[in-house]
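What follows is each chain in one-letter form.
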Amino acid sequence: MRQKLVIGNWKMHGSLAANEALLNAIKGGASATLAVCAPFPYLAQCQALLAGSAVAWGAQDVSAEARGAFTGEVAASMLAEFGVGYAIVGHSERRTYHQEADGTVAAKALRALEFGITPVICVGETLAEREAGQTEAVVARQLQAVLDALSVEQLGRVVLAYEPVWAIGTGKTATKEQAQAVHAFLRARVAERDDGVAGRMAILYGGSVKPDNAADLFSMPDIDGGLIGGASLKAEDFLAIGNA
Ligand code: PGA
């Protein structure tokens, strides 16, 4: 059985006071494998409140560089010092607003792996790309950069997330059939490299996952959990998705 995983992506939300209430509620109710990806300044707070609990914590990005004159960047080695278990890389908001190319995303994933951090590598098509019938071509291209950069051993330590851009924060979820089709496609591409790794790889779905659609999505054979934006900011909703 593959690991089931639900990861929260807080994006640029939170405050010390709000986080404390949220984290305490989540760790008290966690019954599944959960993680929260917080803004960088709050990682120390996550570590202080979550250490020893069943809830892991992660970052929303990581530098592709090891160290040096890169103003504003945060190194994987620094994240590791704060007990970070996961780093989201290649989220569509980073690809869109920060012009992150496929190769950069792969380099970030490699850097995270170097420090024992699990990269959560996001892929997904825009609405225009889906309507033009390019969904598979787009996610294949995004995945290929990762396949080219990582060894089989490294590939065995990543989590993939399929996040159709048109479903993120829009309230429009992919149907479970639409999501399953892309997940199966991605797993098959990974299997071309290594069958065993593909079989074990967690592929999460993200894009307007809510308590009322999570169980349906997670019932599909190739959907191993979710990457949750908006609904991860409410403990009750996030826990309900975890229970799904
Ligand atoms: P959403 O965001 O759940 O608010 O749609 C998902 C994501 O961007 O990871």
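Everything here concerns the structure above.
Let us now look at the overall build of the protein chain. Per the secondary structure count, the protein chain includes 12 helices and eight strands. Relative to the compact-globule value of 18 Å for 244 residues, the protein chain shows a C-alpha radius of gyration of 17 Å, a close match. Along the first, second and third principal axes, the C-alpha atoms of the protein chain reach 45 × 45 × 35 Å. Buried positions account for 51% of the 244 residues belonging to the protein chain.

Okay, the nonpolar core next. Of all hydrophobic cores here, the largest spans 67 residues; its most connected members are I26, V36, L186 and Y205. Dropping the residues within four chain positions of it, L186 is found in contact with V123, V139, L143, L160, Y162 and I203.

Time to look at helix 2 (residues 43-50). Buried within helix 2 we find L43, Q45, C46, L49 and L50. All buried residues of helix 2 fall inside an arc of 155° around its axis, so they share one side. Buried-residue contacts for helix 2 involve helix 1 (16-29), strand 2 (34-37), strand 3 (55-59) and helix 3 (76-81). Following helix 2 by one or two positions, G52 has its phi on the positive side, about 85°.

Turning to the site of the ligand, a few remarks are in order. Contacts to the ligand come from 13 residues, most closely from K11, H91, E163, G169 and S208. Interatomic distance of 2.6 Å between a backbone N/O atom of G169 and an oxygen atom of the ligand. Between an oxygen atom of the ligand and a main-chain N or O atom of G229, the distance comes to 2.9 Å. About the coverage of the ligand: the protein hides 97% of its 280 Å² of free accessible area. Its residues placed into classes, the shell around the ligand shows four nonpolar, seven polar and two charged.

What follows covers the sheet that holds strand 6 (residues 159-162). The strand order around the closed barrel built from eight strands is 1-2-3-4-5-6-7-8, with neighbouring strands paired in parallel fashion. Strand-to-strand, the axes of this sheet are offset by a mean angle of 25°, without reference to chain direction. Sheet analysis places strand 7 (residues 203-206) next to strand 8 (residues 225-228), joined by two bridges and oriented parallel. Across the sheet, G206 pairs through a bridge with L227, a residue of strand 8. Lying over the sheet, helix 2 contacts strand 2 and strand 3, oriented at roughly 170° with respect to strand 3.

Let us look at the pairing of strand 4 (residues 86-89). Across a regular strand the side chains alternate sides, sitting on one face of the sheet and then on the other. Every second residue of strand 4 is oriented toward a common face, with Y86 and I88 on one face and A87 and V89 on the other, all of them buried. Across two bridges, strand 3 lies against strand 4 in parallel orientation. The residue of strand 4 that forms the bridge with A59 is A87. You can see the chain leave strand 3, run along helix 3 and come back into strand 4, and the turn it takes is right-handed.

A few words now on the layout of surface pockets. Roughly 360 Å³ of internal volume is contained in the largest pocket. Together, 16 residues line the largest pocket, and K11, M12, Q60, E93 and R94 are the ones closest to its centre. In terms of residue count, the dominant contributor to the lining of the largest pocket is helix 4 (residues 92-97) (three residues). Split by residue class, the lining of the largest pocket holds eight nonpolar, four polar and four charged.

Before going further, it helps to spend a moment on the packing of helix 1 against helix 12 (residues 235-243). The geometry of helix 1 relative to helix 12 is characterised by a closest axis approach of 9 Å and an angle of 30° between their N-to-C directions. As the angle between them shows, helix 1 and helix 12 are arranged roughly parallel. Along this stretch, helix 1 crosses helix 12, giving a crossing that reads as right-handed. Across the interface between the two elements, L22, A25, I26 and G29 of helix 1 pack against A235, F238 and L239 of helix 12.

What counts, and at which threshold
Residues numbered from 1 in each chain as written. Predicted model: local features only at pLDDT ≥ 70, side-chain atom pairs only at ≥ 80, totals over all residues. Heavy atoms only, no water. Helix = DSSP H or I, 4+ residues; strand = E, 2+ residues; numbered from the N terminus. Rg over C-alpha atoms; globule rule 2.2 N^0.38 Å. Buried < 20%, exposed > 50% of the residue type's maximum accessible area, 1.4 Å probe, protein only. Core = buried A, V, L, I, M, F, W, Y, C linked by side-chain atoms within 4.5 Å. Contact = heavy atoms within 4.5 Å. Arc of directions from axis to C-beta. Near = heavy atom within 4 Å. Polar contact = N/O pair within 3.5 Å; in protein donor to acceptor, adjacent residues only side chain to side chain. Areas by Shrake-Rupley, 256 points an atom, 1.4 Å probe, with all protein chains shown as cover. Nonpolar A, V, L, I, M, F, W, Y, C, P; charged D, E, K, R; others polar. Pairing = 2+ DSSP bridges. Axes fitted to C-alpha atoms, helices over the stretch in contact; angles between N-to-C directions. Right-handed = clockwise from strand over helix to strand, strands pointing away. 1 Å grid on protein atoms, 1.4 Å probe; cavity = no way out; pocket = protein on both sides within 12 Å on 5 of 7 lines; lining within 4 Å. Points joined across faces, edges and corners; volume = space filled by probe spheres on them. Parallel < 35°, antiparallel > 145°, perpendicular 65-115°, else oblique. Left-handed = near helix turned anticlockwise from the far one by under 90°.

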